[in-house]
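Commentary on secondary and tertiary structure
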Amino acid sequence: MSSPARWPRRIRPLFTLYLPVTPFVFFALFPLYFMFVTSLKKNAELYDVNAAPFVIRHGVTFGHYELLSKDTLFWSWFVNSLLVSVAATVISVVLGILAAYSLARLRFLGANSFGVAIFITYLVPPSLLFLPLSTVVNRLGLSDSLWALVVTYPTFLVPFCTWLLMGYFRTVPKEIEECAMLDGCNRFQTLVRILLPVAVPGVICAALFAFTLSWNEFLYSLVFVSPAELKTMTVGVFSELIRGDIYYWGELMAGACLGSLPIVIAYVFFLDYYVSGLTAGAVK
Amino acid sequence: MQLKTANGDVAKLAARGEAPTRGLSDVLVRDTSVAYAFIAPAFFLLLFLVAYPFVLSVWFSLSDARVGETGSFVGVDNFRRLLSSGIFQQTLQNSMVFTAAALTAKTVFGMALALLLFRVARFKRVIRGAVLLPFIVPTALSTLVWWWMFEPLYSVVNWTLKALHVVNRDIPWLSDPYLAMFAVILVNTWRGLPFFAITLLAGLVAIPRELYEAAESDGAGPVGRFWYVTVPLLQPVLAVVILFSAIFTLADFNIVYVLTRGGPMNMTHLFATYSFALGLQSGQIGQGAAVSLFLFPILLGVVFFQLRLVRKAATYE
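Treat the numbers as computed from the prediction; the structure is a model and nothing was measured.

**Here we look at the overall build of chain B**
Each helix and strand in chain B was counted, giving 15 helices and 0 strands. Taken across its 317 residues, chain B has 42% of its residues classed as buried. The long-range share in chain B, meaning contacts at least 24 apart out of those at least 6 apart in sequence, stands at 67%.

Structure representation (structure tokens):
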């Protein structure tokens, strides 16, 4: 038991620290909690104006999830999102590794300009280019197919991966690569056999972010792909579950929960990678 | 000029990467071809799918192109028409209000949250993880729940306010123009706050402890330490975060499109949503491209200042 004199010191952080943090945590989590609660509520309770909306009083139902699975193309959208995200991530990480390696390690004419070009495209928001890009996608004959997204997502993923990996490669000492080159490895072999095994955390970080950004992408998917069965998760839930003036809030929230789930799972397992990827661009 | 000096460290770093035993010219020739081979895929991707569309966008903005028609050159007609159109002027004003308010909120609350997180010792990972979550979840989907929370009849926000007797009738969150603007700013802040907090936190961690001890022994209180140690040393990180967020807040599409679609009465249209409405929904690609190009000068400004900051950081190392 601590003496009464030491009590204030132990309790103080409760008031000066944990109490002020609470509203921030509440603000961040409440909408997500409410999304989950809504998706499990029976319609009778959901649309009862007088019932307290925060809790489920009349039993949990999985009806909204069932309806979502049976009556909508939800799982097609899920698979589409998965295919597009995996393909775009693989392409972007590979291109990013190659470009980052030459920017971080090799000397060549135009390196500065290319570095600046990567930086500028890193800052280009998708909403600047979606109109002309839809024309390009059209001319390539890719509109209304998932390929349109596999090809266009790397436009914002490659600059991000390159920037992040370039920073990471620079933290790896060059000496080990030089040893390998003295032993007769060429640049490509050195990259694959020596640098990449050391740079695994950086590559994981780039892949996680590329996957998350692809999975969450909305504008390009909305513009380039219109058949309902080819839509990705974010667009499908938004545009196919709202019919006219009727909103199926239970199904919408169930879709939003399931659509966020893969990202949340990845996030729980790789929290530290997300934090380091987030701060890499700004602090380094 | 600015750009070259700014990225000088790239060249310096590359210059040190030669293998020691071979002749310089030999290595240079070999490295150059390897470098071009490595860069080619990324280069052509960005050339065909970023640079070319950008040029196309400039062409569209100077033409009367419509969906399915190439259109002909009309000079700066689109820009002239936009600048005299009431809806575009409203969009311009909305964009400024939205960006200024959201950035201010994110900076102030992000700073406060970062300072709190810095001192959190118990449940550190859980609290940080929870606070970062809104940034990770798909925005289009999380905005749906905000829409549901502001729904006219069943709004949980109104229910709570009525239960607490703050108001006695429903507040029309998304149908009143000013409240709708407040709502989109709130959701943007909700989503962007974690980025500010976590990045500023990383900046705080990087400040040497000795500086605080020195300030304390000179008699500086908590406010003095914050103002004379934390703020000046955090300034570069703060600048990068604000610049970075400025462009993506200004270019926001998802939140406005899902929550209000630019309404009521165009009072929440931003460049992206208005460009979408003009270019795709009414098929006036020329006008739409002109609207989205208003993002470009701001993008260039942000790039310019960011690169200057990078150069500054490089000289301090």
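So that's the structure; there's more coming.
**Quick look at the overall build of chain A**
For chain A, the helix and strand inventory stands at 15 helices and 2 strands. Radius of gyration (C-alpha) of chain A: 24 Å, far over the 19 Å computed for a compact globule of 284 residues. With the C-alpha coordinates aligned to their principal axes, the bounding extent of chain A is approximately 75 × 75 × 30 Å. Sequence-distant contacts, at least 24 apart, represent 74% of the contacts inside chain A between residues at least 6 apart.

**With respect to the confidence of the model for chain B**
Residues and elements named next belong to chain B. Overall, the predicted model of chain B reaches an average pLDDT of 87, with 89% of residues at or above 70. When the criterion is pLDDT under 50, residues 1–22 qualifies, and its contacts beyond four places in sequence or with other chains add up to 40 contacts. With a pTM of 0.90, the predicted complex shows an ipTM of 0.91.

**Some thoughts on the interface of chain A and chain B**
Each side of the interface is counted separately: chain A has 84 residues, and chain B has 89 residues. The element that contributes the greatest number of residues to the side of chain A that touches chain B is helix 1 (residues 7–39) of chain A, accounting for 13 residues. Here the side of chain A that touches chain B is built from residues that sort into 62 nonpolar, 16 polar and 6 charged.

**Observations concerning helix 6 (residues 126–139) of chain A**
All names here are of chain A. Taking 1.5 Å per residue as the helical rise, helix 6 with its 14 residues ought to reach 20 Å, and the 19 Å between its terminal C-alpha atoms agrees with that figure. Along helix 6, the sharpest change in direction is near 40 degrees and occurs at Pro132. Judged by how many residues are buried, helix 6 sits mostly within the fold: 10 of 14 residues are covered. The set of residues buried in helix 6 consists of Pro126, Ser127, Leu128, Leu129, Phe130, Leu131, Pro132, Leu133, Ser134 and Val137. Trailing helix 6 by a residue or two, Gly141 shows a phi angle of about 70 degrees, which is positive.

**Considerations on helix 10 (residues 187–198) of chain A**
All names here are of chain A. Between the first and last C-alpha of helix 10 there are 16 Å, a value that for 12 residues agrees with the 16 Å anticipated at 1.5 Å per step. Those residues of helix 10 that sit buried are Arg187, Thr190, Leu191 and Leu195. Along the long axis of helix 10, the arc covered by the buried residues comes to 95 degrees, so they all point the same way. For helix 10, exposure combined with an orientation more than 90 degrees from the buried face picks out Val192, Arg193 and Pro197.

**A closer look at the domain arrangement of chain A**
Residue and element names in this part refer to chain A. As assigned here, chain A comprises domain 1 (4–61) and domain 2 (72–283). Relative placement of domain 1 and domain 2: their C-alpha centres are 34 Å apart. Contacts between domain 1 and domain 2 engage 7 residues on the former and 6 residues on the latter. Among the secondary structure elements, those contributing two or more residues to the side of domain 1 that touches domain 2 are helix 1 and helix 2 (43–46).

**Regarding the packing of helix 10 (residues 209–217) of chain B against helix 11 (residues 222–250) of chain B**
The description of two helices packed together rests on the angle between their axes and the distance between the axes. All names here are of chain B. It is at 10 Å that the axes of helix 10 and helix 11 come closest, and there the two elements cross at 130 degrees. On the basis of the axis angle, helix 10 is oblique to helix 11. The interaxial crossing formed by helix 10 with helix 11 has right-handed handedness. Contacts between helix 10 and helix 11 involve Leu211, Tyr212, Ala215 and Glu216 on the former and, on the latter, Gly224, Arg225, Tyr228 and Val229.

Parameters and conventions
Residues numbered from 1 in each chain as written. Chains lettered and ligands numbered in written order. Predicted model: local features only at pLDDT ≥ 70, side-chain atom pairs only at ≥ 80, totals over all residues. Helix = DSSP H or I, 4+ residues; strand = E, 2+ residues; numbered from the N terminus. Buried ≥ 20, exposed ≤ 12 C-beta atoms within 10 Å, placed from the backbone. Contact = placed C-beta atoms within 7 Å. Rg over C-alpha atoms; globule rule 2.2 N^0.38 Å. pLDDT = per-residue confidence, 0-100. Nonpolar A, V, L, I, M, F, W, Y, C, P; charged D, E, K, R; others polar. Expected span 1.5 Å × (residues − 1). Bend = angle between axes of the 7 residues up to and from the residue. Arc of directions from axis to C-beta. Domains from an automatic or database assignment. Axes fitted to C-alpha atoms, helices over the stretch in contact; angles between N-to-C directions. Parallel < 35°, antiparallel > 145°, perpendicular 65-115°, else oblique. Left-handed = near helix turned anticlockwise from the far one by under 90°.

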